[in-house]
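Observations on the model geometry
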Amino acid sequence: IDLGERTEITAVATQGGYGSSDWVTSYILMFSDGGRNWKQYRQEESIWAFSGNTNADSVVYYKLQHSLKARFLRFVPLDWNPNGRIGMRIEVYGCTYRSEVVGFDGKSCLIYTFNQKLMSALKDVISLKFKTMQSDGILLHREGQNGDHITLELIKGKLSLLFNLGDTKTHPSNAQINITLGSLLDDQHWHSVLIEHFNNQVNFTVDKHTHHFHAKGEFNYLDLDYELSFGGIPVPGKSGTLSHRNFHGCFENIYYNGVNIIDLARRHKSQIYFMGNMSFSCLEPQVVPVTFLSSSSYLALPGTSGQDEIFISFQFRTWNKEGLLLSSKLHQASGGFLLHLSDGKVRISLHKPGKALSDITAGAGLNNGQWHSVSFSVKRNRISVIVDNEVTSSAHASIPLQIYSGDAFYFGGCPSSGNISECNTSFGGFQGCMRLISIGNKAVDMISVQQNVFGNFSDLQIDLCGIIDRCLPNYCEHGGECSQSWNSFYCNCANTGYKGATCHFPIYEQSCEAYKHRGNTSGFYNIDSDGSGPLRPFLVYCNMTDTTWTIVQHNNTNLTRVKSANRENPHTVFFKYSASLDQLQATINHAEHCEQELAYHCKKSRLLDKPDGLPLSWWIGRTNETQTYWGGSLPAVQKCACGLEGSCIDSQHYCNCDADRDEWTNDTGFLSYKEHLPVTEIVITDTDRPNSEAAYKLGPLLCRGDRTFWNSASFNTEMSYLHFPTFHGELSADVSFFFKTTASSGVFLENLGIQDFIRIELYSPSEVIFSFDVGNGPREVTVQSLTSLNDNQWHYVKAERNIKEASLQVDQLPQRSHGAPPDGHIRLQLNSQLFVGGTASRQKGFLGCIRSLQLNGMALDLEERAKITPGVEPGCPGHCSSYGNLCHNGGKCREKYSGFSCDCTFSAYAGPFCKKEISAYFGTGTSVIYNFQEYYTLAKNSSSHASSFYADMTLNSEAITFAFRTTRTPSLLLYVNSFYKEYLSVILTRNGECSDRLSGNTNEHHSCQLIFTLIPRPESQTKHCPVVSLNGIFIFQLHQFILSSGTEFNAIKSLTLGKILENSDVDEETMKANSQGFTGCLSSVQFNHIAPLKAALHHSSSAPVIVKGRFTESNCGTLTGADSTSSETTHSFADHSGPIDEGEPLANAIRSDSAIIGGVIAVVIFILLCITAIAIRIYKKKGIYSKNESKGSENEDSAESALKSELSMQNTANENQKEYFF
């Protein structure tokens, strides 16, 4: 359709042929300015086709989402009524379009000088449209005397807006801002540009894509002349950059602050100055591009057979790395040649029957979407190819064969039928555009090809280049890198912290609590506090005690002294955290409780005492407001902790420091009002009087728990549901939650739109279905589980839908995913409420519990909504069935309202999961006696046999577990005796074997050899072997052994660790061992269900334990374990390091380097003189070892020194271990 002149078109309508069965059911719309070089109209981001008619008479009307300006329109039917033919009646709606155009020839420019008085320095608005076939050129330039300039330049088909502040000497390099927008703008179609510069806010818009930019303060002072040039830079080299090309193409409607510049130029006004030739019209170059739509497209052109010269040139553009560009048979079937893309390079393969002759390549990175030219020539036996007319990317070769041209050239692919020998099909077809094809220096007329005058083709679009940039806009989230082929785009998510087709879903957990319930121990972890939201992951320390603490450090944790600060010259300190304030805010919002210790020590330095009504010192938190309450106090009151408790040293003041005494005192405590944390700044002003001084120390931010992880609701009837506001996840949506149920089916959640919807349901006891529709018809992703999911245990579900694919994961089962159609609807548009635990129709409701429901990283508060909803209850009991296996070593799982805890009462271990070994250092002669019951109080009042009183202490078998570490033999490790003079002793004999003595009434002796696990050797194998002495230190981990004897062991009286102090009748071996007692480390002692060592260390006041001698808790036991990383110590916040991995803590135990030690030892063995040195070293180590063991108990003055001593002790102990792998 020729509309006669350029017109703005706003809508189209179609109808079938009158009174017939001819109508079109789907079509595409194209437009053009000159009847050539068509462009396809796109509705949504990726929808090309319009839905047409369903009968002959009704009118289907489309309002175009964005109007188009063109003179020619072209309707291309794609599908029509199968019982009729193509028939169309068309109406186009719009209005005439007035515009001013100016054409540049690449050697000219237009300069506009404006009146300084009319200039408003505050706001600059420039708008224009341009079209060009050149990929580079200056559109706009403005500069000042000292080198400040603004340039709008087309570089490789993209528009770049450059702000430059002066020369680099006076300004740092950051005084340059470059914003790039748009892509493929050299397509000879109109593109609009808008630049708004208001104060230091810059809005840069190209077509429909806008970049908002907030410049730093200096950009207010761009010193620019009152002169704008369009199409080039007037004086070459003035801006110091010579690589610029002038613009070759057309401008339309250039407006600067409302002034129509082309109109001024047309009327030859004095403000306008021309350089070079310009015309007030826009010439359309007569270039006819062709698009190869699919891998089966081809273009066959005739050649002149039998010539000894072949010369072919063309231009192409594509995103694909591979593809056949040109193929031809040589004269009389003597072979052929291929020109194809391989990994973005042009490769020429010449072959004759039976063998390949030559293979040469030229160019690189040719799949970047730009136009590239290829010239290919063969003359007799010399072959050459030149890419982009550059000598550097050309290739030549000589071949032992006279070449004569064949009679056909195949561009872009091969016919699927017909004579295969004419064309090589071993390469995939080319997808992209070609233009300016010439054979033998004669240009090919593509319009004649289109009219079937000569040549033939398949699946081509002639007279348009249909390339599109699928990375604009970039749908890769969180900084993922976008790359593309002709049909699709790909996201590289490396180093982003996210995964999935569009880098949407986080790799890391949202909180320390979540890591803890994966069974992880204390250490450094990356957490992503807003899930798939915009905030990046960051590193925190997770302290997994009974409650889970998240610790975030800042840059100033030392005690800092302050002198000579006053109102005029205050001491201000800023705290920078290892995470941004937004990241911290998300973490704090998730937490149940947060706190930060603020210590203020003072000597004649007041805090709040205000002679003029203003506080003397204050701190600033996240809200950027001044806070005048101090550690341990509450926000509303200007007091310190002692002021609240009424315990200040001067009762007239609300802070200890306000007493203003000439002696050190302090106001210290925890700030725990979440909204004000963390502390970002402290200001101190009262330290400038004589003898006046202050010191402050701010601890790390500590947060406990995760409210969202346990936030849950119980659905008690099928009719009940919770409703929330509409879910907005147009381009990417992820939903994750835990559920548990006994029902066989039910809908977890549903949200509807007019046609679109999203739903996740338990379809059967072993099947979860994620179904949705974004306008391309309903889709389903199903995960089948081998086990039933309705077993009343927690199961995890994660569903994600983005414009590339939809995926569903249940527990640890393999993820299922379905790809999205390449050119379909991509926006999920919902408008109803979000239903959780049911549906809008109240059918198939869910019975059971849903927990920790997250949508796009935002947690829904199920408990709050459940409180006001009938049939739904907040919270959900029964976590032990799912998490009970996290309690180790005999710990019992106990239910809590939110979560669970491990009860370690009957375990020899401690810690949140009963995995922390409890060990103690025994000095010489130390004795720990655990008394089971007083005998006489019961026996006096009874004549019956004593064992009836001690039913729980009459045992046929004893289960004993412990680990020990000592340098002494013989040693008495453990001794149990009864009221009937029976006893059991476990001793380490002189030769390092462990034996036990059991004496019953029959005086039988049972000796048994126990199994020990030696600490792993460097080759990391666990050996079961008799005790081996490692240079005098015995380190064993004793697995459980059960001793069974023919006699019952009645009425146990006491258990002794270390030396037996009471007089008792024992055998000679035990006596000998007891004379030494036990010196060294005992760890994790368990006797049946009693943990005597733990009782002595942790419950000494309440447990029936008597301790004599030097006995101190130590972490010596953790170093004997086979896997020291699994020991669960509560670390101080030390500087651990290691690789950051998604699931593992970063605190790794020090590992010995076996190879080096082996080498050293080999040398030692050969040099006999060193033996004496080693002996001395061992002797010294023993001393260090015993000193360090006892040192663990001493209370140091400060946390720092305690930490240092703990670390040095651990390292010494580790060295000890390393020392004895001889």
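Look up: the structure comes first, before these words.
This text gives an overview of the structure that appears in the document. (Residues numbered from 1 in each chain as written. Predicted model: local features only at pLDDT ≥ 70, side-chain atom pairs only at ≥ 80, totals over all residues. Heavy atoms only, no water.)

1. A few points about the nonpolar core
One recurring pattern in soluble globular proteins: nonpolar side chains tend to sit buried together. If you look at the biggest cluster of nonpolar residues, it comprises 44 residues, and the most contacted ones within it are L299, F314, F316, V346, F411 and M434. F538, M544, C594 and W630 belong to the second largest nonpolar core, which has 41 residues in total. (Core = buried A, V, L, I, M, F, W, Y, C linked by side-chain atoms within 4.5 Å. Buried < 20%, exposed > 50% of the residue type's maximum accessible area, 1.4 Å probe, protein only.)

2. Some remarks on a nonpolar patch on the surface
Together, V59, Y61 and Y93 give the surface a local cluster of nonpolar side chains, amounting to about 310 Å² of exposed area. Mapped onto the elements of the fold, V59 is located in the loop between β4 (50-51) and β5 (60-80). (Patch = residues over 30% accessible without salt bridge, like charges linked within 9 Å, V, L, I, M, F, W, Y side chains within 5 Å. Areas by Shrake-Rupley, 256 points an atom, 1.4 Å probe, with all protein chains shown as cover. Salt bridge = Lys/Arg side-chain N within 4 Å of Asp/Glu carboxyl O. Helix = DSSP H or I, 4+ residues; strand = E, 2+ residues; numbered from the N terminus.)

3. Details of helix α9 (residues 1068-1076)
Turning to α9, its buried residues number three or more, namely T1070, A1073 and N1074. Around the axis of α9, the buried residues are gathered within 100 degrees of arc, so they sit on the same side. Exposed side of α9, more than 90 degrees from the buried face: E1068 and S1075 are the residues found there. Remark: G1077 follows α9 within two positions and exhibits a positive phi of approximately 70 degrees. (Arc of directions from axis to C-beta.)

4. Observations concerning the side chain of H590
Tracing the backbone shows H590 in helix α4 (residues 581-590). For H590, a relative accessible area of 11% corresponds to the buried category. Only 3.1 Å separates the side chain of H590 from the side chain of T708, close enough to count as a polar contact. Setting aside chain neighbours within four positions, we find H590 in contact with Q510, S529, G705, D706, R707 and T708. (Polar contact = N/O pair within 3.5 Å; in protein donor to acceptor, adjacent residues only side chain to side chain. Contact = heavy atoms within 4.5 Å.)

5. A closer look at the state of the cysteines
Here the structure, examined in full by the defined rule, presents 14 disulfides. Sulfur-sulfur distance for the disulfide between C250 and C282 comes to 1.9 Å. Taking the sign of the torsion about the S-S bond as the criterion, the disulfide between C250 and C282, at about 95 degrees, is right-handed. Within this pair, whereas C250 is found in strand β18 (residues 248-256), its partner C282 is found in the loop between β21 (278-279) and β22 (290-292), the two being separated by 32 residues in sequence. A relative accessible area of 23% places C282 in the partly exposed class. Across a sulfur-sulfur distance of 2.1 Å, C904 and C914 are joined as a disulfide pair. Residues C904 and C914 are joined through a disulfide that is left-handed, its torsion about the S-S bond being -95 degrees. A residue pair is termed long-range when its members are at least 10 positions apart, and C904 in the loop between β68 (900-903) and β69 (909-910) and C914 in the loop between β69 and β70 (916-917) qualify at 10 residues. Judged by its relative accessible area of 0%, C914 falls in the buried class. (Disulfide = S-S within 2.5 Å.)

6. Details of the pairing of strand β47 (residues 617-620)
Alternating residues of β47 divide into S617 and W619 and W618 and I620, and every residue in both groups is buried. Both β47 and strand β50 (residues 681-684) contribute to a ladder of 4 bridges, which runs antiparallel. Bridge pairing in β50 links S617 to I684. (Pairing = 2+ DSSP bridges.)

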